[in-house]
Amino acid sequence: MGEIINVKDIVEKRKILIRERIEKLKREKDIIPKLAVIIANSEEASRVYVGRKRKMCETLGILEEEYEFSEDITTEDVLREINRLNNDDTVNGILVQLPLFKHLDTSKILKAVLPTKDVDGFHPENFGNLIQGNGKIAPCTPKGVMTILKEIGANIEGKDAVVVGRSVIVGRPMAAMLTNAGATVTICHSKTKDLTNHTKRADILIVAVGVPHLIKENMVKENSIVIDIGINKVDGKLVGDVDTENVVKIAKSVTPVPGGVGLTTVHTLIENLMDLTEAV
Ligand code: GUN
């Protein structure tokens, strides 16, 4: 029988370090970091995510401003707002909450954020640096997973890592980070022929596809580490992409949902904001 990873404890430990960085910045440079959040969609989930980010900022005494747009907004309107925020020296990080309204040009909008204010690491310059192995700012969810792996003392070098999901926000940067850390990485996705064949070989299995309980106990390797990034609502309850209760009987360590990777995502966003603010 494996263990459910206590992500809450990991985050609380890291929060202490963040508080120290915030205090140092205030003491030495008289700066309080400020995050600007752009919301241009009508998704309920986005509001929940932004709410969590707002709460974390409030808890840590970080400034946060939200710019919410209605559906009649154009790409040019959003670009104009980003340009204004790029030129505002009091703003240290700009976050464009995804997805955007369908008629908006997401790629153009993400490219408009100054790489030095790109708190999500979605700008092609930051993304390219990550792929080249010298990234400074990396997308929050996969970076949070790397924190969890580090904190549980996982040995990544030379291990077989399998990432299920190829999204730009999670799967692709996750694979890059694991590659940079020396793992042999496979990315699986909806077109993968025999998923179990891959997942069963994984010393480290990371799942981010949004299919409730996709990963069953017969699909994981003994003594493996399983990281569940899925957040799905089933009968009003939040469940992950992993059948945690049964998978934990085979794996060594599994992250829970809720109370798992989601906690580190928000925390990592603040770490990124601190990195950007300290570099000013
Ligand atoms: N939508 C879902 N996850 C994320 C994230 O990590 N960052 C942003 N900006 N939007 C998201």
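For the structure itself, look to the data block above.
Residues numbered from 1 in each chain as written. Predicted model: local features only at pLDDT ≥ 70, side-chain atom pairs only at ≥ 80, totals over all residues. Heavy atoms only, no water.

Student: What is the right way to look at the pattern of salt bridges in this model?
Tutor: In total, this model carries 15 salt bridges according to the counting rule given. As a salt-bridge pair, Lys 221 and Asp 203 come within 2.8 Å of each other at their nearest N and O atoms. One end of the pair, Lys 221, is in the loop between strand S7 (204–207) and strand S8 (225–228); the other, Asp 203, is in the loop between helix H8 (195–199) and S7, and 18 residues separate them in sequence. Overall, the relative accessible area of 30% leaves Lys 221 in the partly exposed class. Within the structure, one salt-bridge network assembled from shared partners comprises Lys 13, Arg 14, Glu 151 and Glu 271. (Salt bridge = Lys/Arg side-chain N within 4 Å of Asp/Glu carboxyl O. Helix = DSSP H or I, 4+ residues; strand = E, 2+ residues; numbered from the N terminus. Buried < 20%, exposed > 50% of the residue type's maximum accessible area, 1.4 Å probe, protein only.)

Student: Any chance you could explain the site of the ligand here in plain terms?
Tutor: For the ligand, the full set of nearby residues is Lys 53, Leu 95, Val 96, Gln 97, Leu 98, Asp 120 and Phe 122. The side chain of Gln 97 places a nitrogen or oxygen atom 3.3 Å from a nitrogen atom of the ligand. Between a nitrogen atom of the ligand and a side-chain N or O atom of Asp 120, the distance comes to 2.5 Å. In isolation the ligand offers 280 Å² of accessible surface; the protein chains occlude 85% of this area. Across the shell around the ligand, the residue classes tally to four nonpolar, one polar and two charged. (Near = heavy atom within 4 Å. Polar contact = N/O pair within 3.5 Å; in protein donor to acceptor, adjacent residues only side chain to side chain. Areas by Shrake-Rupley, 256 points an atom, 1.4 Å probe, with all protein chains shown as cover. Nonpolar A, V, L, I, M, F, W, Y, C, P; charged D, E, K, R; others polar.)

Student: Is there a simple way to think about the sheet that holds strand S4 (residues 93–96) in this case?
Tutor: The pairing of strands in a sheet comes from backbone hydrogen bonds and takes either a parallel or an antiparallel form. The three strands lie next to each other as S3-S2-S4, forming an open sheet whose pairing is parallel. Each edge of the open sheet carries a strand with a single partner, namely strand S3 (63–68) and S4. Adjacent strand axes in the sheet meet at a mean angle of 20° when their direction is disregarded. In this structure, strand S2 (residues 34–39) lies alongside S4, joined through four bridges in parallel fashion. Along S4, the bridge assignment pairs Ala 36 with Ile 94. Packing against the sheet, helix H2 (residues 44–60) makes contact with S2, S3 and S4, and its axis sits at approximately 160° to S3. (Pairing = 2+ DSSP bridges. Axes fitted to C-alpha atoms, helices over the stretch in contact; angles between N-to-C directions. Contact = heavy atoms within 4.5 Å.)

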